[in-house]
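Residue-level structural notes
Given next are the chains, with one letter for each unit.
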Amino acid sequence: MKKPLTFTIKNRLDGSMARTGVIKTSHGKIETPAFIIGGTQATVKSLTPEQVASLGGQSVLVNAYHLMIRPGADVIELAGGIHRFMNWDKPIFSDSGGFQVFSLGMAYKKGIDVTSHSVKGDISQAVHTKSQLARVTDNGVHFRSHLDGSKLYMSPESSMDIQHAIGADIHMCFDELTSPLAEFDIIKSAMDRTHVWADRCLSRHNQLNNDHKARLQPLQALYGVVQGARSQDLRTASASFLGQRDFDGYGIGGVFEPEEISLTVKWVNDILPDDKPRHLLGMGAQPADLFLGVEYGVDTFDCVAPTRQARNGALFTYDGRINIKNSRYKNDLSPIDRQCDCYTCQNYTLAYVHHLLKCDEILGLSLASIHNERFVVRTVDSIRASVNDGSFFQYKKDFLERYYGIADAQKFLG
Ligand SMILES: [Zn+2]
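Now for a quick tour of the structure. As a convention, each chain's residues are numbered from 1 in the sequence order in which they are written. Local features in this predicted model are restricted to residues whose pLDDT is 70 or higher, and side-chain atom pairs enter the listing and the counts only when it is 80 or higher, whereas totals over whole chains, interfaces and linings include all residues. Calculated side-chain values reflect all of the structure's heavy atoms, with hydrogen atoms and water omitted.

This part is about the overall build of the chain. Numbering goes from the N terminus for both helices and strands, where a helix is a DSSP run of H or I of at least four residues and a strand is a run of E of at least two. Looking only at helices and strands, one finds 17 helices and 16 strands in the chain. In this setup the radius of gyration rests on C-alpha atoms only. A globule is expected at 2.2 Å times the number of residues raised to 0.38. What you see for the chain is a C-alpha radius of gyration of 21 Å, in line with the 22 Å of a compact globule of 414 residues. The dimensions of the chain, computed from C-alpha atoms along their principal axes, are 60 × 50 × 45 Å. Residue exposure (1.4 Å probe, protein chains only): buried if accessible area is under 20% of the type maximum, exposed if over 50%, otherwise partly exposed. Of all 414 residues assigned to the chain, the portion counted as buried reaches 58%. Sequence separation of at least 24 residues holds for 65% of the intrachain contacts in the chain that already meet a minimum separation of 6. In what follows, residue pairs with any heavy atoms lying within 4.5 Å of each other are defined as contacts.

Surrounding the zinc ion are the protein donor atoms C340 (SG), C342 (SG), C345 (SG) and H371 (ND1), which sit 2.1 to 2.3 Å from the metal. Here the term donor refers to an N, O or S atom within 2.8 Å of the metal (or 3.2 Å for Na, K and Ca), and because water is left out of the atoms, sites may appear incomplete. Every geometry call rests on angle ranges, with four donors termed tetrahedral when all angles are between 85 and 135 degrees, four termed square planar and six termed octahedral when opposite donors are over 155 degrees apart and all others are between 65 and 115, and everything else termed irregular. Around the zinc ion, the four donor atoms are arranged such that angles at the metal cover 98 to 120°; this shape is classified as tetrahedral. Motif for the zinc ion, donor spacing along one chain: C-x1-C-x2-C-x25-H. Residue C340 is found in the loop between strand 16 (320–323) and helix 13 (343–347), and its partner H371 is found in helix 15 (residues 362–389); the two are separated by 31 residues along the sequence. For the residue pair C340 and H371, the accessibility class agrees, reading buried in each case.

Attention now moves to the nonpolar core. The biggest cluster of nonpolar side chains holds 109 residues, and the ones touching the most others in it are F35, I82, F143 and L280. Setting aside anything within four residues of it in sequence, one finds F143 in contact with Y65, G97, Q100, V101, L104, L133, A134, S150, K151, L152 and M154. Note on terminology: a nonpolar core comprises buried Ala, Val, Leu, Ile, Met, Phe, Trp, Tyr and Cys residues joined through side-chain atoms within 4.5 Å.

Here we take up the pairing of strand 3 (residues 28–32). Paired strands are those between which DSSP finds at least two bridges. Where strand 2 (residues 19–25) lies against strand 3, five bridges are found, and the strand directions are antiparallel. When the sheet's bridge partners are listed, V22 is paired in strand 3 with E31. What sits between strand 2 and strand 3 in their antiparallel hairpin is a turn of two residues.

Moving on, we get to the sheet that holds strand 8 (residues 141–144). Strand order in this open sheet of three strands is 7-8-9, and the pairing throughout is antiparallel. Since the sheet does not close on itself, it has two edges, and those belong to strand 7 (134–136) and strand 9 (151–154), each with one partner. The sheet shows a mean angle of 20° between the axes of neighbouring strands, taken without regard to direction. In terms of strand pairing, strand 8 meets strand 9 through four bridges, oriented antiparallel. Its bridge partner being in strand 9, H142 is matched across the sheet by Y153. Throughout, an axis means a line fitted to C-alpha atoms (over the contacting stretch in the case of helices), and angles, computed between N-to-C directions, take values from 0 to 180 degrees.

Looking now at the sheet that holds strand 12 (residues 249–252). Strand order in this closed barrel of eight strands is 4-5-6-10-11-12-13-14, and the pairing throughout is parallel. Neighbour to neighbour, the strand axes of the sheet diverge by 30° on average, direction disregarded. Relative to strand 14 (residues 300–303), strand 4 (residues 34–38) runs parallel, the two sharing four bridges. Following the sheet pairing, I37 is matched in strand 14 by C303.

The next thing to look at is the packing of aromatic side chains. Only rings of Phe, Tyr and Trp enter the pairing, Trp through its six-membered ring, and a pair is recorded when the two centres are within 6.5 Å. The plane angle decides the type: under 30 degrees is stacked, over 60 is edge-to-face, the rest tilted. Throughout the structure, instances matching the rule amount to 18 aromatic pairs. Centre to centre, the rings of Y65 and F143 are 4.9 Å apart; their planes meet at 50°, and the pair counts as tilted. With a gap of 78 residues between them, Y65 in helix 2 (residues 64–69) and F143 in strand 8 connect regions that are remote in the sequence. A residue is classified by how much of its surface remains accessible, and F143, at 2% relative accessible area, is buried. Aromatic rings pair up to connect F291, F316, Y318, F375, F392, F393, Y395, F399, Y403, Y404 and F412 into one cluster. Cation placement over rings: the criterion is NZ of Lys or CZ of Arg within 6 Å of the ring centroid and within 35° of the ring normal. Above the face of the F241 ring, R245 is positioned so that its terminal group lies 3.7 Å from the ring centre.

Written as structure tokens, this is what we have:
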């Protein structure tokens, strides 16, 4: 059967696991390493598809759980699939809803930071409670809608049905993400369940692709998702279990501190098949994450943080992150960053974007988002070029020392 996706490695960097390559899908190619732009609700918040393409976006990632609730996978199918529905004809990833098992489950109303994202988090919060909106069973997950409380159910099979109806190019297996602060037994049972579910997802996915083939429709790809939180034993067990299955690529799930990325990703990528693409799911938008991910063999990343932070006024510059709402920018007529080539920096001043965000003007959200997305996309593009020409380690050092300051950058430079 024709493959829904091919991955060709072009160059490797000596002394690291970094590689550059090309992922080909039926909606075009992605030059890797690549930053996949967050498009949760079938839109990149405040940007048109033309703007996303013009800032260098190669691909977007939508979320099957959110789209199942609104507008419903049937509406997207009726529109001819997600590419036509959102007017984006390049490759699209879809996430399964596994993250919502966590955010509406154990983490619900505790704040993600409390249970998951911080080693300083409160371990006593990393437990299941009666008030959470997601309840996990071996067969699937019962959700109550975060919008109106209505009852929803998602199983590995229904997640595949929904993702295939939505029609993205690359799907993720339905997994159970849990807090890295939870008891070992909870993390292990979530991982074991994720493995059983991965086999169920793959089986349903293959049936659905056979149906597409019979109807001469484009085939869709499926990534297995590695879990196991901060445990080396569980991460390596997960990578070897999934690595033996015939997935088109692999997602690396979980929630990470930037300092943890290199180790966790290395454990996993040492074991996963070298010739398949690897996607780091929902990482932070710290520049260090991008460098470390690539150094340890990640091919694609996704993150909603650049637009979310932009809407709050937190903007990237090569000298570190700034808050443009700060009064010091009120009459600063320079661009956000003199080295940035984005539409916003070419045409507008700090003072103007500051003014728009202070007045809650919609254009401010767009201009800030264009800048932040372009900053991240361009950084990953430059990292890719530096892997190709062998200058990666020098580029990483120069970039991170300037961005974080020489002292703070050291923890990422090892
Ligand atoms: Zn800019």
